[in-house]
Number of protein chains: 2
Amino acid sequence: MNESPTLRPVVVDLSVSTFARVRPVPVASVDLRGPFWGHRCELNSKHTLLGQWDLLESTGRLNNFRRVFGEYEGTFSGLFFNDSDLYKWIEAASWAIAKGPDAELERRIDEGISLIERAQEDDGYIDTYFTVDRPREKWTNLRDLHEMYVGGHLIQAAIAHHRATGNARLLHVATRFADMLCQRFGPASENKVEGIDGHEEVEMALIELARTTGRSRYLDLARYFIEARGHGLLKGGRFGDAYFQDDVPFERLESLSGHAVRALYMACGITDLYLETGDTSLLRRLEMLWDRLTAHRMYITGGVGSRHDGESIGNDYELPNGQAYTETCAAIGNMMWCHRLFAATGNARYVDLFEWTLYNGMLPGWSLDGQSYYYVNPLENDGAHRRKSWYECSCCPPNVARTIASLPGYVYGTDEQSLYVNLYIDSDATIDVAGKTVRVSQRTRYPWDGVITIHLDTDAAFTLKLRIPGWVNAAADLSSGTTKDPSFDVAVNGERVEAAISSDGYVEIRRNWRRGDTLRLDLPMYVRVWQSHPKVPDNRGRVALSRGPVLYCAEQADIQGVDLDEVFIDPSNVQASWDPTLLNGVVVLTGPAQRLAIDSSWSGASYRPFGLMHGARAAQTQPVSLIAIPYFAWHNRESGPMKVWLNYREA
Amino acid sequence: MNESPTLRPVVVDLSVSTFARVRPVPVASVDLRGPFWGHRCELNSKHTLLGQWDLLESTGRLNNFRRVFGEYEGTFSGLFFNDSDLYKWIEAASWAIAKGPDAELERRIDEGISLIERAQEDDGYIDTYFTVDRPREKWTNLRDLHEMYVGGHLIQAAIAHHRATGNARLLHVATRFADMLCQRFGPASENKVEGIDGHEEVEMALIELARTTGRSRYLDLARYFIEARGHGLLKGGRFGDAYFQDDVPFERLESLSGHAVRALYMACGITDLYLETGDTSLLRRLEMLWDRLTAHRMYITGGVGSRHDGESIGNDYELPNGQAYTETCAAIGNMMWCHRLFAATGNARYVDLFEWTLYNGMLPGWSLDGQSYYYVNPLENDGAHRRKSWYECSCCPPNVARTIASLPGYVYGTDEQSLYVNLYIDSDATIDVAGKTVRVSQRTRYPWDGVITIHLDTDAAFTLKLRIPGWVNAAADLSSGTTKDPSFDVAVNGERVEAAISSDGYVEIRRNWRRGDTLRLDLPMYVRVWQSHPKVPDNRGRVALSRGPVLYCAEQADIQGVDLDEVFIDPSNVQASWDPTLLNGVVVLTGPAQRLAIDSSWSGASYRPFGLMHGARAAQTQPVSLIAIPYFAWHNRESGPMKVWLNYREA
């Protein structure tokens, strides 16, 4: 492990992790461009983050820090873990300034760091909920009060700020906090306090701090926390031990369950532990858990969390649309886990799901104007569900901001001799590959168009690995990106290349690249119609539509005067077209559909005799037009019903 | 209103309620017989109640009382509202001893009452959670801490005990508590504290206490609580104001929502208020709310409560089977409300739902051996859901016990000139009708058989009103019992009577009855197949089966080796047969069915392309046999999957 701090602004620094197959590229090395992602990065830096800072101020989150050192006289505001909102904001803003100077953001980051420095106690403890009003309650309720969860976000903020700026002020705060944890918590055999936090997060933070500082004690503590979980240290609580994954030790865990964000953050931490230790039994179980989660407990959006009750993952095939919880943070947790599993394996199926969840699990949580957020992301709604600019528990807004701000760091990856092109995004990058600095640019209208032109502006010999997304294969399901149909084209300098897809899901092109080489990848952008496993009750007789990496939904705004429950689409006859004016410009799907009216005699009852008096629907049909829009853009117009899974009837 | 206490052991005493159309018959007046209900009443008295008493002791609920007066030194046990379990138990045991002496139960009732008497404070306050440890917190959190809810159950227990025994010891405790409430709470204009309890219950208890004592102040306070609700007095909390029905005043309420038991107990209290005041605007809204609840938000079991989150009623058509909450207490609340609406209107549709919910909503919550209970009643389960002998929040077990113990009081009703036969149960009764004492017995194997023979052993002139259950009409839906098909037979002394069904759902036979008159009612016991509204997503492509008042389900135990999700029944070909050995004797439904195997290639994914590679199910079918058992008897054998709503495919 590295002995000196690194300044490369990578999200997960695997530069010296022995067991990483692929290493991330710094956030600062990639500039996203164009109306889709370039616009969103700009929106995030110039509007979202500034708006969130104002809310940190107006909701009292900053005053909670000021009251520690006497600059604010009022009471503590909000929930006990609200410090984490400032930390996540600083992390987000740090990735944003890693891309280039921004005086507005930097001023606020510095103000935030000053508050944090002054609120830290002499022994390294920091949590404004406890310091002033409840000093004697510190560490008395690890199960419910999130002190380590909050501290984990402090550590991640400090690492991001240090990597982005080289400034170690906040890292100094974070290491003092982490050192205090190391002194206090651990095995009883080392005369330490046995304990784990009810909300996982600190594990991955501590491992990242170990990577950053080269100090193995943080890795050791993370390993202790991971190994101590599942033995009932947290006992009790309204939702039972599974809620915080404390019912079964990880080495015997059969499926992820309980609170979705906790489960996924735990999985991230354990994947980080594998990346540092190479314990293959961990990786085998992680992959098994990922297989089962994605095959049986994940929404078609990539969202996870089927129950409002306990914000939790459901049983296999328990995937209700209207009551889906699918917290935006859980989609982000899924992406974070996929990123780590990809680093551990080099298998593109994890990037497939990262990308799919980016567009369809996380992005719906963020309004097109960048100012409001969903916490809960149903796949069907009556129109009452609205994004809000902030929440009492406001974990999701800054989590969206840090994900968008760090997105440039997910576009590429490298190993000793390869450059992985993982995300297709109009962008310019400068990346170290095989000992050379490579300038690489993508020109594309992806996700709307499947043509990606890649310009290489360096002389270097390396393998270019182009991810062929799982959706390219019309026969592939959502979680197995390994068998792919080669219905795509690759050309180098205008000459078609015959290239097979490797077992890890890439087309590999090894050559001595020359300055000015141009590669063209043509991915087939057809409309894909999805069916659902027969055990998912909500989706019987329904299909979902996607095109490229984008999942679609129908909104009442486009089908006026007809109840969406009465619309039956013809899945064989759906067309895509570009609408430059709709929702900032989107590809819409259209096609003929039929209205099968629900028999009007149903109005007074939910149950009635089968087949004796009436059918369920009127016999007469009426032609209507289907218009479907990207699910991520739903509810950015008037409010009204929305559905991802649509009734179908073949022509 | 009556000025002197009544000793008639009726559940709801409407003897002098001006606005009651029908009055209940005392519990003591009716003896239930036979292997269905006679057995269950005996089981309740001899096993269920004694077992629950032992649990009140072993879980510390009785010690919570003893520690108030120093006979127990330990800490408070359990939840803050646990006193209510003893109160509900005393109510249940009181209805049981109303039927005849039972030394075991009486000894325990007296011990319980002694504990309560000694735990009451001088000013009438009683709540063991507060008296010892938290005297300064009394009445400081009406929203969450249930002091009035608990007190309401005290009042109901006291009334039941007084009506059953004539002994006023506990009634004295209850009136002192109620008097303290009257002095403390009420409109600010009367210099009282504005406040309502977060959990409705005290309203119906206070009105019953007014009926019992003749003191109008209890009715006035109940009216105050009812009118003060819906104006935000409770503000806040995790689930919002709708959770405790405090979001909208009753006179503007459009649908019942929020916590199901609270909503239904509120509705009971308001119906009681109507019965005493005759305010028709209340009755109109109550009937509208009942129509909407039963038409759009009720399970086919009669159960209410679609969400675990907040134990709450869902949106219209939000009726998931596996995640149904349908708390046993909510089914009981629904029955209590139906009983009151029937008293207010005389309309049999409310008795129809009372009976349906008795068999299919409440009874599943009680094991056949009388020793364990469901709190949550899903309509579909993988076999993991088990009845328990007790719960930390153990509201349901004593609620089941008091409902069973009071069931004799629901069989008949009277008005000035009529005897209403509401429930068909093998039984003997002695009832005052039209100034005469009438001995009436029913001989029947109902619910398994539709033949009911009624013997009248008195000379008297009155109208006998026979309820024709809604399920008799093959075309009726679950909530509209008013239009009925006369496919039944009535004969008096062997002669068929041509009798139409009145608009309130009864066949009326007015005559001078003679000692020895025998009436035979023959209700058609056919298998009924139900379909569900197309907007209930879980039930698409499925049907449910019932016969008479009994809803059926399929259990894995009867269909070995085939996944229930793969079984498709033929709804036109289901037969009923009596099985004397199964589950203490039940009618089972059988018929041919087909196995349509879920395509094996589905194993690794929840989503895949529609129609391109595979169908959802294997093309080959395989004949299997359907066996369905009464839903109330599910999970009384080995554990395994269960389904109420079954796939169908017509032959």
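Residues numbered from 1 in each chain as written. Chains lettered and ligands numbered in written order. Predicted model: local features only at pLDDT ≥ 70, side-chain atom pairs only at ≥ 80, totals over all residues. Heavy atoms only, no water.

Turning next to the domain arrangement of chain A. All names here are of chain A. Assigned domains of chain A: these are domain 1 (23-410), domain 2 (417-522) and domain 3 (527-648). Between domain 1 and domain 3, the contact holds 29 residues from the first and 29 residues from the second. Interface area, domain 1 with domain 3, both sides summed: about 2,400 Å², of which 60% is carbon and sulfur. When the area that domain 1 buries against domain 3 is broken down by residue, the three leading residues are Ile 300, Tyr 317 and Leu 368, summing to 27%. Inspection of the domain 1/domain 3 interface yields two salt bridges. For Arg 542, the salt bridge goes to Glu 380, with nearest N and O atoms at 2.8 Å. Where domain 1 touches domain 3, the interface holds 17 residue pairs in polar contact (both at pLDDT 80 or more). Contributing elements (two or more residues each) for the side of domain 1 that touches domain 3: α1 (34-58), α14 (348-362) and β5 (380-381). The biggest single contributor to the side of domain 1 that touches domain 3 is α14, with four residues. (Domains from an automatic or database assignment. Contact = heavy atoms within 4.5 Å. Buried area = accessible area lost by both parts, 1.4 Å probe. Salt bridge = Lys/Arg side-chain N within 4 Å of Asp/Glu carboxyl O. Polar contact = N/O pair within 3.5 Å; in protein donor to acceptor, adjacent residues only side chain to side chain. Helix = DSSP H or I, 4+ residues; strand = E, 2+ residues; numbered from the N terminus.)

Residue and element names in this part refer to chain A. Read from one edge of the open sheet, five strands run β1-β6-β7-β11-β14, paired in mixed fashion. Two strands in the sheet have a free side with no partner beyond their single neighbour: β1 (23-24) and β14 (506-513). Bridge analysis of strand β11 (residues 460-467) against β14 gives eight bridges, and the strand direction is antiparallel. Following the sheet pairing, Arg 467 is matched in β14 by Tyr 506. Against the sheet, α14 touches β11 and β14, its axis set at about 60 degrees to β11. (Pairing = 2+ DSSP bridges. Axes fitted to C-alpha atoms, helices over the stretch in contact; angles between N-to-C directions.)

Turning our eyes to something else, we now look at helix α3 (residues 83-98) of chain B. All names here are of chain B. Taking 1.5 Å of rise per residue, the 16 residues of α3 would be expected to cover 22 Å, and the 23 Å separating its terminal C-alpha atoms lies within 8% of that figure. With 16 of its 16 residues buried, α3 lies for the most part within the structure. In the segment just after α3, Gly 100 is the residue with positive phi, at about 160 degrees. (Expected span 1.5 Å × (residues − 1). Buried < 20%, exposed > 50% of the residue type's maximum accessible area, 1.4 Å probe, protein only.)

This brings us to the confidence of the model for chain A. Residue and element names in this part refer to chain A. On average, residues of chain A score 94 in pLDDT, and 96% of them reach the 70 mark or higher. Overall, residues 1-6 carries pLDDT values under 50, and its contacts beyond four positions in sequence, including any with other chains, amount to 19 contacts. Interface scoring of the predicted complex returns ipTM 0.90; its pTM is 0.93. (pLDDT = per-residue confidence, 0-100.)

Attention now goes to the relation of the copies chain A and chain B. Least-squares fitting of chain A to chain B yields an RMSD of 0.0 Å, with the superposition described by an axial translation of 0.0 Å and a rotation of 180 degrees. Here the copies are linked by what is in effect a two-fold axis. Taking the C-alpha atom as reference, chain A places A:Asp309 closest to the rotation axis, 2.2 Å from it. Both copies present the same face, since 100% of the interface residues in chain A are matched by interface residues at the equivalent positions in chain B. (Least-squares fit on C-alpha atoms with pLDDT ≥ 70 in both.)

Here we come to the side chain of A:Glu380. All names here are of chain A. Turning to its location among the elements, Glu 380 is positioned in strand β5. For Glu 380, a relative accessible area of 17% gives the class buried. Contact partners of Glu 380, with chain neighbours within four places excluded, come to Asn 321, Gly 322, Arg 542, Asp 565, Met 642 and Lys 643.

Moving on, we get to the sheet that holds strand β15 (residues 517-522) of chain B. Residues and elements named next belong to chain B. Taken together, the seven strands give an open sheet; going across it, the order is β2-β8-β9-β10-β15-β12-β13, and neighbouring strands pair in antiparallel fashion. Strands with a single pairing partner mark the edges of an open sheet, and in this sheet they are β2 (30-32) and β13 (495-497). With strand direction ignored, the average angle separating the axes of adjacent strands in the sheet is 25 degrees. The pairing of strand β8 (residues 427-433) with strand β9 (residues 436-444) spans seven bridges and is antiparallel. By the bridge assignment for β9, Ala 429 is matched with Val 440.

The next point concerns the packing of helix α10 (residues 216-228) of chain B against helix α11 (residues 260-277) of chain B. Residue and element names in this part refer to chain B. Viewed as axis vectors pointing N to C, α10 and α11 meet at an angle of 130 degrees, and their least axial separation amounts to 10 Å. In terms of orientation, α10 lies oblique with respect to α11. Two packed elements cross with a definite hand, and for α10 against α11 that hand is left-handed. Where α10 abuts α11, its residues Leu 219, Arg 223 and Ile 226 lie against Gly 269, Ile 270, Leu 273, Glu 276 and Thr 277. In terms of residue class, the contact of α10 with α11 is made up of four nonpolar, two polar and two charged. (Parallel < 35°, antiparallel > 145°, perpendicular 65-115°, else oblique. Left-handed = near helix turned anticlockwise from the far one by under 90°. Nonpolar A, V, L, I, M, F, W, Y, C, P; charged D, E, K, R; others polar.)

Our next topic: unusual backbone geometry. Backbone torsion omega between A:Tyr446 and A:Pro447 reads 15 degrees, so that peptide bond is classified as cis. Here A:Pro447 shows up in the loop between β9 (436-444) and β10 (451-456). Positive phi, normally seen in glycine, also occurs at A:Asn584, with a value near 70 degrees. Among the secondary structure elements, A:Asn584 is positioned in the loop between β20 (575-579) and β21 (586-598). Its identity as a non-glycine residue notwithstanding, B:Trp139 has a phi of 60 degrees, on the positive side. Turning to its location among the elements, B:Trp139 is positioned in the loop between α5 (128-131) and α6 (142-145). Taking relative accessible area as the criterion, B:Trp139 reaches 11% and is therefore assigned buried.

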